[in-house]
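# Report on the structure
Next come the chains, spelled out residue by residue.
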Amino acid sequence: MKEKGFWEGAHAAMPTALGYVSIGLACGIIGAPYVTPVEMGLMSLFVYAGSAQFAMLALIAVQAPVA
């Protein structure tokens, strides 16, 4: 009974998950010249808002001071 509920939920969440994957790929492509794959992975793990990741990459690209 529980497995059926899980798969129904996974199926319902698929469109949203595909949207996250596409935005994640775009962020990775934009960030490739500026950060290593490990740094990008850590940023994806610790920074919840996707827009903040794009803003952080823009700041890294122009070499803005951390402070």
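Note that the structure is a prediction, hence the values are computed from the model and not measured.

The next point concerns the overall build of the protein. Within the protein, the secondary structure is distributed over 3 helices and 0 strands. Shown N-terminal to C-terminal, the secondary structure of the protein runs as helices and strands in the order α-α-α. Taking 11 Å as the expected radius of gyration for a compact globule of 67 residues, we find that the protein reaches 16 Å, considerably beyond that expectation. A buried classification covers 12% of the 67 residues belonging to the protein. Of the accessible surface of the protein, which amounts to about 5600 Å², a share of 73% is contributed by carbon and sulfur atoms.

We now examine the environment of W7. Mapped onto the elements, W7 comes out in helix α1 (residues 2-31). Remark: the alpha-carbon pair of W7 and V21, spanning 14 residues in sequence, is separated by 19 Å.

We now examine unusual backbone geometry. Most of the time, phi is negative for any residue but glycine, and the peptide bond is trans. Even without being glycine, Q63 reaches a positive phi, approximately 55°. Considering the arrangement of structural elements, one finds Q63 in the segment after α3 (50-61).

Of the pockets and cavities examined, the largest pocket occupies roughly 180 Å³. In terms of lining, the largest pocket is formed by Y20, I23, G24, S44, V47, Y48, G50 and Q53. Put simply, the parts of the chain that give the lining of the largest pocket at least two residues each are α1 and α3. The dominant element in the lining of the largest pocket, judged by the number of residues it contributes, is α1, at 3 residues. Here the residues of the lining of the largest pocket sort into 4 nonpolar, 4 polar and no charged.

Our next topic: the nonpolar core. Core analysis: the largest hydrophobic core is formed by 6 residues, namely C27, V35, M40, M43, V47 and L57. Each residue touching C27, except ones within four places of it in the same chain, is listed here: M40, Q53, F54 and L57.

Definitions and limits used
- Residues numbered from 1 in each chain as written.
- Predicted model: local features only at pLDDT ≥ 70, side-chain atom pairs only at ≥ 80, totals over all residues.
- Heavy atoms only, no water.
- Helix = DSSP H or I, 4+ residues; strand = E, 2+ residues; numbered from the N terminus.
- Rg over C-alpha atoms; globule rule 2.2 N^0.38 Å.
- Buried < 20%, exposed > 50% of the residue type's maximum accessible area, 1.4 Å probe, protein only.
- Areas by Shrake-Rupley, 256 points an atom, 1.4 Å probe, with all protein chains shown as cover.
- 1 Å grid on protein atoms, 1.4 Å probe; cavity = no way out; pocket = protein on both sides within 12 Å on 5 of 7 lines; lining within 4 Å.
- Points joined across faces, edges and corners; volume = space filled by probe spheres on them.
- Nonpolar A, V, L, I, M, F, W, Y, C, P; charged D, E, K, R; others polar.
- Core = buried A, V, L, I, M, F, W, Y, C linked by side-chain atoms within 4.5 Å.
- Contact = heavy atoms within 4.5 Å.

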